[in-house]
Amino acid sequence: MKFLSKTVLILGAVAMIACGDKKEEKEDKITIGDGTSPQSQTEAATDKSASEMNSSDEDVVEVTIEGNDQMRFNKDEIKVKAGQTVRLTLKHVGEMEKTVMGHNWVLLTQGTVINEFGQKAVQAKDNDYIPEGTDAVIAHTKMIGGGEEVTIEFEAPEAGEYDFICSFPGHYSVMKGKFIVE
Ligand code: CO
């Protein structure tokens, strides 16, 4: 469905461009598309597939989050409902190797101090930067590099607010967000 909704959006954009008489209008449309769409289109597509998923199978929610070469996630908030199975896909939309710009998605237990966890993670290079034996992680993906993606499934924890981060050294200070269970 993601592919379909993207296709519809792209066709829509083409139609709009085709309708524009003046070159100026064309350029405007193109600028709007390029300036705002990568993120908003992705989010719209994600929202749509999530709600469609909800109508057919309310126990599973699909979430997609991207990391890039600028050391950023494209979302700082993810909302799910208690009891849902979360099918989360992390996409690295950059090109850099995972040894240089690696990204993972790590959901931390409530009360975990991000800085402290991040510092422990630095020492866990051999374990994908997840401290061995930690009880501070609810779910996590493996570490990926540019062009890769990974999907995990886990049960949403009890209602509340949780932190998610990328545990690659130094990334947690900016690659983080709230995982809200309603
Ligand atoms: Co990262």
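What counts and what doesn't
Residues numbered from 1 in each chain as written. Predicted model: local features only at pLDDT ≥ 70, side-chain atom pairs only at ≥ 80, totals over all residues. Heavy atoms only, no water. Donors = N, O, S within 2.8 Å, 3.2 Å for Na, K, Ca; no water. Tetrahedral: all angles 85-135°; square planar, octahedral: opposite > 155°, others 65-115°. Phe/Tyr/Trp six-rings, centres within 6.5 Å; stacked < 30°, edge-to-face > 60°. Helix = DSSP H or I, 4+ residues; strand = E, 2+ residues; numbered from the N terminus. Buried < 20%, exposed > 50% of the residue type's maximum accessible area, 1.4 Å probe, protein only. Pairing = 2+ DSSP bridges. Axes fitted to C-alpha atoms, helices over the stretch in contact; angles between N-to-C directions. Polar contact = N/O pair within 3.5 Å; in protein donor to acceptor, adjacent residues only side chain to side chain. Contact = heavy atoms within 4.5 Å. Core = buried A, V, L, I, M, F, W, Y, C linked by side-chain atoms within 4.5 Å. Salt bridge = Lys/Arg side-chain N within 4 Å of Asp/Glu carboxyl O.

- The name given to the protein in an unreviewed UniProt entry is Azurin, with the source organism recorded as Salegentibacter agarivorans.

## Topic: the coordination of the cobalt ion
Moving on, step 1. Looking at the cobalt ion, the protein donor atoms are Gly-102 (O), His-103 (ND1), Cys-166 (SG) and His-171 (ND1), and they sit 2.1 to 2.5 Å from it.
Moving on, step 2. Relative to the metal, the 4 donor atoms surrounding the cobalt ion lie at angles of 79 to 130°, and the coordination shape comes out irregular.
Moving on, step 3. Written as a sequence motif, the donor residues of the cobalt ion are G-H-x62-C-x4-H.

## Some remarks on the packing of aromatic side chains
Geometrically, a pair of aromatic rings is defined through the distance of the ring centres and the angle of the planes.
Moving on, step 1. In this structure the tally under the stated criterion is 6 aromatic pairs.
Moving on, step 2. Both rings, one in Phe-73 and one in Phe-164, keep their centres 5.6 Å apart while their planes meet at 65°; by these two values the pair is edge-to-face. Taken together, the positions of Phe-73 in the loop between β1 (60-67) and β2 (77-80) and Phe-164 in strand β7 (residues 160-165) put the pair 91 residues apart, joining distant regions of the chain. Residue Phe-73 shares its accessibility class with Phe-164, and that shared class is buried.

## Details of the sheet that holds β2
Moving on, step 1. Strand order in the open sheet formed by 5 strands is β2-β8-β7-β4-β5, and the pairing between neighbours is mixed. Of all the strands in the sheet, just β2 and β5 (137-140) have a single pairing partner and so form its edges. Neighbour-to-neighbour, the strand axes of the sheet open up by a mean angle of 25°, direction not taken into account.
Moving on, step 2. Strand direction decides the pairing type here: β7 and strand β8 (residues 176-181), joined by 6 bridges, are antiparallel. Paired with Asp-163 across the bridge in β8 is Lys-178.

## What to know about the side chain of Asn-68
Moving on, step 1. Here Asn-68 shows up in the loop between β1 and β2.
Moving on, step 2. Polar contacts involving the side chain of Asn-68 include one to the main-chain amide nitrogen of Gln-70, which spans 2.9 Å.
Moving on, step 3. Not counting residues within four places of it along the chain, the set of residues in contact with Asn-68 comprises His-92, Val-93, Gly-94, Met-101 and His-103.

## With respect to the nonpolar core
Moving on, step 1. Grouped together as the largest cluster of nonpolar side chains are 26 residues, with contacts concentrated most on Ile-78, Val-80, Val-86, Leu-88, Trp-105, Phe-154 and Phe-179.
Moving on, step 2. Put simply, the parts of the chain that give this core at least two residues each are β1, β2, β3 (85-92), β6 (149-155), β7 and β8.
Moving on, step 3. If you look at the next biggest cluster of nonpolar residues, it comprises 10 residues, including Leu-108, Ala-121, Ala-136 and Val-137.

## Some points on the pattern of salt bridges
Side chains that carry opposite charge are capable of pairing whenever their charged atoms lie near each other.
Moving on, step 1. Across all of its chains, the model carries 6 salt bridges by this definition.
Moving on, step 2. With a closest N to O distance of 3.0 Å, Glu-62 and Arg-87 form a salt bridge. Within this pair, whereas Glu-62 is found in strand β1, its partner Arg-87 is found in strand β3, the two being separated by 25 residues in sequence.
Moving on, step 3. Of the residues examined, Arg-87 reaches a relative accessible area of 27% and is grouped as partly exposed.
Moving on, step 4. For Glu-182, the salt bridge goes to Lys-79, with nearest N and O atoms at 3.9 Å. Residue Glu-182 is found in the segment after β8, and its partner Lys-79 is found in strand β2; the two are separated by 103 residues along the sequence.
Moving on, step 5. Within this structure, Glu-62, Arg-87 and Glu-153 form a network of salt bridges that share partners.

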